[in-house]
Amino acid sequence: MYETMIHQSTPLSRKRTVAWLRHGVCWILWLNLLQAAETSPKPDAQVLYKQTPQGPLRLNIFYPEGHRSDAKKPAILFFFGGGWVGGNPTQFHPQCDYLASRGMVAISAAYRTRNDHGTPPSACVEDGKSAIRWLRAHAAELGVDPDRIVAGGGSAGGQARNARVSAFGPNV
């Protein structure tokens, strides 16, 4: 009977099968994303670095184990990717968790995007500049060496980081 079903399949039934397979794969990917979000490392602290007309912007901070505010540790500040349109600071939580386990203060920054805040890319760059300035201004209370801060990001976050450095110089 199974062989008969295979030989009698029509192009329409094949299309339906492919459609159901695609649908199933999408659900599997979605469930994996949900599981990853549930198991994503959680920051040790969230601090407000900027209040905008569209809402508050926060830094998600991961500290090394046993970190003290008088430590003066190097820090890394990540900006998520998303093509200036969307994205989420949790994108870099795994990297932050790893680098904190290696002795750095690791931070993932929120910034305004078109989908969430209705703002142009220039707002993203402005927010990134604000995040770096805030981090330098509060370095002593966070246990960060203000002369050992690096920034990076993915996609638009990386471009925003480069725009901040090239447009405003290394002393943002």
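Calculation notes
Residues numbered from 1 in each chain as written. Predicted model: local features only at pLDDT ≥ 70, side-chain atom pairs only at ≥ 80, totals over all residues. Heavy atoms only, no water. Helix = DSSP H or I, 4+ residues; strand = E, 2+ residues; numbered from the N terminus. Buried < 20%, exposed > 50% of the residue type's maximum accessible area, 1.4 Å probe, protein only. Pairing = 2+ DSSP bridges. Core = buried A, V, L, I, M, F, W, Y, C linked by side-chain atoms within 4.5 Å. Contact = heavy atoms within 4.5 Å. Arc of directions from axis to C-beta. Axes fitted to C-alpha atoms, helices over the stretch in contact; angles between N-to-C directions.

Moving on: the overall build of the protein. On a plain count of helices and strands, the protein comes out with 7 helices and 5 strands. For the protein, the N- to C-terminal ordering of α and β elements is α-α-β-β-β-α-β-α-α-α-β-α. Relative to its 172 residues, the protein shows a buried fraction of 36%.

In terms of strand pairing, strand β1 (residues 45–52) meets strand β2 (residues 55–62) through 7 bridges, oriented antiparallel. Within β2, the position partnered with Q51 by the bridge is P56.

The subject of this paragraph is the nonpolar core. Y49, L59, L77, F79, I107, A131 and V144 are the most contacted members of the largest nonpolar core, which has 23 residues in total. Contributions of two or more residues to this core are made by β2, β3 (73–79), β4 (105–109), α5 (121–137), α6 (139–142) and β5 (144–153). At 6 residues, the largest contribution of residues to this core is made by α5. In this structure, L59 is in contact with A45, Q46, V47, Y49, L77, I107, S108, A109, A131 and W134, ignoring residues within four places of it in sequence.

Taken residue by residue, helix α3 (residues 93–101) has H93, C96 and A100 as its buried positions. One side of α3 holds all its buried residues, which, seen down the axis, span an arc of 60°. Elements that come into contact with the buried residues of α3 comprise β2, β3 and β4. Directly after α3, the chain includes G103, whose backbone phi takes a positive value near 105°.

Moving on: the sheet that holds β5. In a beta sheet, neighbouring strands pair by backbone hydrogen bonds and run either parallel or antiparallel. Spatial ordering of the open sheet is given by β1-β2-β4-β3-β5, a layout of 5 strands whose pairing is mixed. The outermost strands of the open sheet, each flanked by one partner alone, are β1 and β5. Taking each pair of neighbouring strands and ignoring which way they run, the sheet shows an average axis angle of 25°. Contacts between α3 and the sheet are confined to β2, β3 and β4, with β4 contributing the most and set at about 165° to the helix. Here α5 sits on the sheet in contact with β1, β2, β3, β4 and β5, set at roughly 130° to β1.

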